[in-house]
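So you can see what is in the structure, the chains are spelled out below.
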Amino acid sequence: MKENTGKSKYVILGMLARMPQTGYNMKKWIEKEYSHFWQESYGQIYPTLKKLVAEGLAVPSEEQGNGRGQITYSITDDGRKELDHWLRKAPEIEKLRYEILLKVSFGENTEPNVLLGHLDDFATRNENMIRDMKEYMQYFELLKEQGIDCTYSHLTALCGVYIYSAMRDWAGEAKRIISEREVDSK
């Protein structure tokens, strides 16, 4: 298995800084809270946990409650220092990859209706993501009422609302331009 040398280390340290948890719970949490901007697979999580333990940045403890012998991991003081060091560094420049943009860029090689269909699907996916982000934000408000501060999670969901709104709006504008171009060319 290929060793993970990316940012998985910091994702996991950040999650462990919130609370001790199992690799399985981390994967589920990532799928729920971070999937709109970050993905991690079990094939990344478990080797990274093993590496963090070897480096003294996390410690394992057997959990007996469910009878499956799941291992719960906790962050160490050195792990908190490593996380803090990473948080202080400037983020790398994000790399945007949207296949829809490639297809639109090469749009002269297909019929306009093909692109219009892709743009409809893209707009719908983005509308669904906006709805999901707003639901997360409502959930974070409920947690706030229970005394759990989710300010920073709320901010990532808010970013998702802005990004997915912009992409949805772009799809609408692109459809308008393609449709007008077709009318003008007839």
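We now turn to the structure provided with this report. (Residues numbered from 1 in each chain as written. Predicted model: local features only at pLDDT ≥ 70, side-chain atom pairs only at ≥ 80, totals over all residues. Heavy atoms only, no water.)

### With respect to the nonpolar core
Membership of the largest hydrophobic core comes to 18 residues, with the highest contact counts inside it found for Ile 12, Leu 13, Met 15, Leu 16, Met 26 and Leu 49. Breaking this core down by element, the ones donating at least two residues are helix H1 (8-18), helix H2 (23-34), helix H3 (42-54) and strand S3 (71-75). What Ile 12 contacts, discounting residues up to four positions off in sequence, is Met 26, Ile 45, Thr 48, Leu 49 and Leu 52. (Core = buried A, V, L, I, M, F, W, Y, C linked by side-chain atoms within 4.5 Å. Buried < 20%, exposed > 50% of the residue type's maximum accessible area, 1.4 Å probe, protein only. Helix = DSSP H or I, 4+ residues; strand = E, 2+ residues; numbered from the N terminus. Contact = heavy atoms within 4.5 Å.)

### Looking at the pairing of S3
Of all the five residues making up S3, four are buried; the element is thus mostly covered by neighbouring parts of the structure. Alignment of strand S1 (residues 21-22) against S3, held across two bridges, turns out to be antiparallel. Across the sheet, residue Thr 22 finds its bridge partner in S3, namely Thr 72. (Pairing = 2+ DSSP bridges.)

### Observations concerning the pattern of salt bridges
Using the criterion set out here, one finds 14 salt bridges in the structure. Among the salt bridges present, the one from Glu 82 reaches Lys 9, with a minimum N-O distance of 3.3 Å. A residue pair is termed long-range when its members are at least 10 positions apart, and Glu 82 in helix H4 (residues 77-88) and Lys 9 in helix H1 qualify at 73 residues. For Glu 31, the salt bridge goes to Lys 27, with nearest N and O atoms at 3.2 Å. One end of the pair is Glu 31 and the other is Lys 27, both in helix H2 and four residues apart, which spans about a single turn. The exposure class of Lys 27 is buried, given its relative accessible area of 13%. Among the charged side chains, a salt-bridge network with shared partners connects Lys 9, Glu 55 and Glu 82. (Salt bridge = Lys/Arg side-chain N within 4 Å of Asp/Glu carboxyl O.)

### Let's talk about the environment of Leu 13
Mapped onto the fold, Leu 13 is located in helix H1. Take Leu 13: its relative accessible area is 0%, and that puts it in the buried class. In sequence terms Leu 13 and Tyr 73 are 60 residues apart; their C-alpha atoms lie 9.9 Å from each other. Excluding residues within four positions of it along the chain, Leu 13 makes contact with Leu 52, Leu 57, Ile 75, Gly 79, Glu 82 and Leu 83.

### So, helix H7 (residues 151-184)
Over its 34 residues, H7 runs 49 Å from end to end, which matches the ideal 50 Å to within 8%, given 1.5 Å per residue. Contacts from the buried residues of H7 go to H1, H2 and helix H6 (112-145). (Expected span 1.5 Å × (residues − 1).)

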